[in-house]
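# Examination of the molecular architecture
Now for the letters of each chain:
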Amino acid sequence: MTVDQQQRPGPPAPRRRSRRDEILEIAVGLFAARGYHGVSMDDIGSAAGVTGPALYHHFAGKEAMLVAALIPVSESLLHGGKDRVARHPDDARAALADLIEFHVEFALAHPAVIALHLHELDRLPEEPRRQIRRLQRLYVEEWVAVLATLRPELDAAEARVLAHSAFGLMNSTPFLGGEVDRRRRAVLLREATVHALIGR
């Protein structure tokens, strides 16, 4: 090992999960399994091994947990989508493949969050709901711009229909069983999405 290698800092250590993160993950799993109204703060505290006062130290209530779960996810999807498109400024086909891989990996890693988006978004107050909808629209437009380049015969509204149909395919992960291993599920979802969007 050279002196330069010894002095060169290594990759940053992964951020340690906080107790708040752990509680939020438990709450998301319960909301996805039972529905928002089927879960109480006592249920969450019991599952997390946290007493009532300690739980409210982290979150004001269930609504705050839902906001904390959904807004960062929508921000992450938008930023990740923009990054994938920016990697391929002159190759729309490669940009689309990167977008699909990005979203499929997200959907496979976070099926409970996908379920919350599908079923519980309307539980939020107007302002955070509007913020999430805006982030989602911006994410969709990243896909629409790539599709418009790949398929110039489509107008923007038609490309948007296709993008939403692709999300329907990729966001099916909460409903997939474990009969097929994760890597094979990723392959099947990517192939189905490519076929839905460009027919091959």
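Residues numbered from 1 in each chain as written. Predicted model: local features only at pLDDT ≥ 70, side-chain atom pairs only at ≥ 80, totals over all residues. Heavy atoms only, no water.

The protein chain carries the name TetR family transcriptional regulator in an unreviewed UniProt entry, which gives Couchioplanes caeruleus subsp. caeruleus as its organism.

What follows covers the overall build of the protein chain. Helix and strand counts for the protein chain come out as 10 helices and zero strands. Counting helices and strands in the order they occur from the N terminus, the protein chain gives α-α-α-α-α-α-α-α-α-α. Looking at the 200 residues of the protein chain, the share that counts as buried comes to 39%. Long-range pairs, those at least 24 residues apart, make up 68% of the contacts in the protein chain between residues at least 6 apart in sequence. For the protein chain, the accessible area works out to roughly 11,600 Å², and carbon and sulfur atoms hold 54% of it. Averaged over its 26 positive side-chain charges, the protein chain has a centre that lies 2 Å from the centre of its 26 negative ones. (Helix = DSSP H or I, 4+ residues; strand = E, 2+ residues; numbered from the N terminus. Buried < 20%, exposed > 50% of the residue type's maximum accessible area, 1.4 Å probe, protein only. Contact = heavy atoms within 4.5 Å. Areas by Shrake-Rupley, 256 points an atom, 1.4 Å probe, with all protein chains shown as cover. Lys, Arg positive; Asp, Glu negative; His and termini not counted. Charge placed at Lys NZ, Arg CZ, Asp CG, Glu CD.)

Below, the discussion takes up helix 9 (residues 156-170). An ideal rise of 1.5 Å per residue puts 21 Å on 15 residues; helix 9 measures up with 21 Å between its terminal C-alpha atoms. Among the residues of helix 9, those classed as buried are Ala159, Leu162, Ala163, Ala166, Phe167 and Met170. Buried residues along helix 9 cover an arc of 145 degrees about the axis, so they all sit on one side. Summarising the contacts, the buried residues of helix 9 are in contact with helix 6 (92-109), helix 8 (126-150) and helix 10 (182-198). (Expected span 1.5 Å × (residues − 1). Arc of directions from axis to C-beta.)

Attention shifts here to the side chain of serine 74. Mapped onto the fold, serine 74 is located in helix 5 (residues 62-86). Beyond its immediate stretch of four places on either side in the chain, serine 74 contacts His117, Ile132, Leu135 and Gln136.

Quick look at the environment of leucine 70 now. Inspection of the secondary structure assignment puts leucine 70 in helix 5. C-alpha separation for the pair leucine 70 and valine 28, spaced 42 residues apart in sequence, amounts to 9.6 Å. Look past the residues within four positions of leucine 70 in its chain and what remains in contact with it is Val113, Leu116, His117, Leu121, Leu124 and Ile132.

Let us now look at the pattern of salt bridges. For the coordinates displayed, the defined rule picks out 14 salt bridges. Among the salt bridges present, the one from arginine 87 reaches aspartate 83, with a minimum N-O distance of 2.9 Å. Glutamate 153 serves as the salt-bridge partner of arginine 151, at 2.8 Å between the closest nitrogen and oxygen. A cluster of three or more residues bridged by salt bridges with shared partners is formed by Asp83, Arg84, Arg87 and Asp98. (Salt bridge = Lys/Arg side-chain N within 4 Å of Asp/Glu carboxyl O.)

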